[in-house]
Amino acid sequence: MKIIRTIAEMQAWSDEKRRSGAVIAVIPTMGFLHDGHLSLIDTARKSGADAVVVTIFVNPTQFGPNEDFDKYPRDFERDAALCEGKKVDAVFAPSAEEMYPKDSSTWVVEEKLSRGLCAKTRPTHFRGVTTVVAKLFLATLPHLAVFGQKDGQQARIIKRMVRDLNFPIRIVISPIVREADGLARSSRNKYLSEEEHRNALSLSRGLGRLKAEIEAGETDLQRLLGGLRAEIEGANGVVDYVEAVDAETLEPISRIGGKMMFPVAAYFGKTRLIDNILVEK
Ligand code: PAF
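Presented here is a report on the structure given in the accompanying data block. (Residues numbered from 1 in each chain as written. Predicted model: local features only at pLDDT ≥ 70, side-chain atom pairs only at ≥ 80, totals over all residues. Heavy atoms only, no water.)

**Quick word on the overall build of the protein**
Here is step 1 of the chain: Counting its secondary structure elements, the protein contains eight helices and ten strands.
Here is step 2 of the chain: Taken over C-alpha atoms, the radius of gyration comes to 19 Å for the protein, in line with the 19 Å a tight globule of 281 residues would show.
Here is step 3 of the chain: C-alpha extents for the protein along the principal axes are approximately 55 × 40 × 40 Å.
Here is step 4 of the chain: For the protein, the share of sequence-separated contacts (at least 6 apart) that also reach a separation of at least 24 residues comes to 71%.
Here is step 5 of the chain: Entry remark: accessible area of the protein is about 13,300 Å², with carbon and sulfur atoms responsible for 50%.
Here is step 6 of the chain: In the protein, which carries 40 positive and 39 negative side-chain charges, the distance between the mean positions of the two groups comes to 2 Å. (Helix = DSSP H or I, 4+ residues; strand = E, 2+ residues; numbered from the N terminus. Rg over C-alpha atoms; globule rule 2.2 N^0.38 Å. Contact = heavy atoms within 4.5 Å. Areas by Shrake-Rupley, 256 points an atom, 1.4 Å probe, with all protein chains shown as cover. Lys, Arg positive; Asp, Glu negative; His and termini not counted. Charge placed at Lys NZ, Arg CZ, Asp CG, Glu CD.)

**Quick look at the nonpolar core**
Here is step 1 of the chain: Of all hydrophobic cores here, the largest spans 41 residues; its most connected members are Val53, Phe92, Val133, Phe137, Phe147, Ile158 and Ile171.
Here is step 2 of the chain: Among the elements of the structure, helix H1 (7–19), strand S2 (24–29), strand S3 (51–56), strand S4 (90–92), helix H5 (125–140), strand S5 (144–148), helix H6 (152–164) and strand S9 (259–268) are those that each provide at least two residues to this core.
Here is step 3 of the chain: In terms of residues, this core owes the most to one element, H5, which gives eight residues.
Here is step 4 of the chain: If we skip the residues at most four places from it in the chain, valine 133 touches Phe147, Ile158 and Met161. (Core = buried A, V, L, I, M, F, W, Y, C linked by side-chain atoms within 4.5 Å. Buried < 20%, exposed > 50% of the residue type's maximum accessible area, 1.4 Å probe, protein only.)

**Looking at the packing of aromatic side chains**
Here is step 1 of the chain: Taken as a whole, this structure holds five aromatic pairs when the rule is applied.
Here is step 2 of the chain: Centre to centre, the rings of phenylalanine 137 and phenylalanine 147 are 6.4 Å apart; their planes meet at 75 degrees, and the pair counts as edge-to-face. Of the two residues, phenylalanine 137 is situated in helix H5 and phenylalanine 147 in strand S5; the sequence distance between them amounts to ten residues.
Here is step 3 of the chain: Judged by relative accessible area, which is 1%, phenylalanine 137 ranks as buried.
Here is step 4 of the chain: Judged by relative accessible area, phenylalanine 147 falls into the buried class, the value being 4%.
Here is step 5 of the chain: An angle of 70 degrees between the planes, with centres 5.7 Å apart, marks the rings of phenylalanine 137 and phenylalanine 167 as edge-to-face. Remark: phenylalanine 167 occurs in the loop between H6 and strand S6 (170–174) and phenylalanine 137 occurs in helix H5; sequence separation between them is 30 residues.
Here is step 6 of the chain: Among the aromatic residues, those joined into a ring-pair cluster are Phe63, Phe69 and Tyr72. (Phe/Tyr/Trp six-rings, centres within 6.5 Å; stacked < 30°, edge-to-face > 60°.)

**Description of the environment of glutamine 154**
Here is step 1 of the chain: Positionally, glutamine 154 belongs in helix H6.
Here is step 2 of the chain: Separated by 67 residues in sequence, glutamine 154 and leucine 221 place their C-alpha atoms 24 Å apart.
Here is step 3 of the chain: Excluding residues within four positions of it along the chain, glutamine 154 makes contact with Phe126, Val129 and Phe147.

**Here we look at the site of the ligand**
Here is step 1 of the chain: In the vicinity of the ligand, the contacting residues are Pro28, Thr29, Met30, Asn59, Gln62, Val129, Val132, Val133, Phe147, Asp151 and Gln154.
Here is step 2 of the chain: Between the ligand and glutamine 62 there is a distance of 2.6 Å, counted from an oxygen atom to a side-chain nitrogen or oxygen.
Here is step 3 of the chain: Glutamine 154 places a polar side-chain atom, nitrogen or oxygen, 2.7 Å from an oxygen atom of the ligand.
Here is step 4 of the chain: Its free accessible area being 290 Å², the ligand has 89% of it covered by the protein chains. (Near = heavy atom within 4 Å. Polar contact = N/O pair within 3.5 Å; in protein donor to acceptor, adjacent residues only side chain to side chain.)

**What to know about the sheet that holds strand S1 (residues 2–4)**
Here is step 1 of the chain: With respect to topology, six strands assemble into an open sheet ordered S1-S4-S3-S2-S5-S6, the strand pairing being parallel. If you trace the sheet from one side to the other, it starts and ends with S1 and S6, each paired once. Each neighbouring strand pair of the sheet contributes to a mean axis angle of 25 degrees, computed without reference to strand direction.
Here is step 2 of the chain: Here S2 runs beside S3; their pairing, made up of six bridges, is parallel. Of the residues in S3, the one forming a bridge with threonine 29 is isoleucine 56.
Here is step 3 of the chain: Here H1 sits on the sheet in contact with S1, S2, S3 and S4, set at roughly 140 degrees to S1.
Here is step 4 of the chain: Packed on one face of the sheet, H6 meets S5 and S6 and runs near 170 degrees to S6. (Pairing = 2+ DSSP bridges. Axes fitted to C-alpha atoms, helices over the stretch in contact; angles between N-to-C directions.)

**Brief notes about H1**
Here is step 1 of the chain: Between its terminal C-alpha atoms H1 stretches 18 Å, which fits the 18 Å expected from 13 residues at 1.5 Å a residue.
Here is step 2 of the chain: Inspection of H1 places Met10, Trp13 and Ser14 among the buried residues, and these make up the whole buried set. What you see down the axis of H1 is that its buried residues fit within an arc of 95 degrees, all on one side. Along H1, the residues that are exposed and aim more than 90 degrees away from the buried face are Ala8, Glu16 and Arg19.
Here is step 3 of the chain: Elements in contact with the buried residues of H1: S1, S2, S3, S4 and H5.
Here is step 4 of the chain: Just downstream of H1, glycine 21 is the residue with a positive phi angle, here 90 degrees. (Expected span 1.5 Å × (residues − 1). Arc of directions from axis to C-beta.)

Laid out in structure tokens, this is it:
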């Protein structure tokens, strides 16, 4: 497995793979890999990739001033070993200086889907994500890219960016991977105390119940969202949002029907977690 630190070397590696006819997949990550990330590698292979590139870069531009950039967990050696174990072909792990020249002044901004949900409390987050993902695409030159449904809003924004800017890249969205107890896998789970972890199970429990209720015929959206909120607050969670949106456009919905996504964000202690469930009716 090749470990690549510079954009020039990364582009040369991908050029070579492309010339040999290989289908390249990229999996952008911020490292501290867990089973959720590793499942994206499997999804890439199942989606036709011959060569898989995992990028590991804790992107400073997507963190707000009071967020956890400095303490975001990092363990490159462990990440590299996990990638090696999954037969990843290359890990691209550039420095911040390599990714952002000192006088860097260009942003990639998606202006519709990036406004609601997480953007309400993290107003500059998604322009950091779209900018870095566009840069990672241009460095790794993939045919396809895999993102997790756990970051459901992010995945829709990237799809929109790729469509709007004509990136010749297929975006594949891979299902949420959960711990045995239901908590959605996230690098931030590491911040949770045992008690906070237990309380955070209210997210998956509440979402699971909401889906079951819809499938059983419940149509009162306010009652469903109220039940989810009560479940989280009953477990000492501080709700940032619980919403019902169209699964593709992320527009709020006013009645049950079609392809829906129910995204949620809540704090357990100081840790902000997100989760969601897709429901079709
Ligand atoms: O989902 C993440 O880990 C990050 O937002 C991403 C896509 C790697 C961009 O930094």
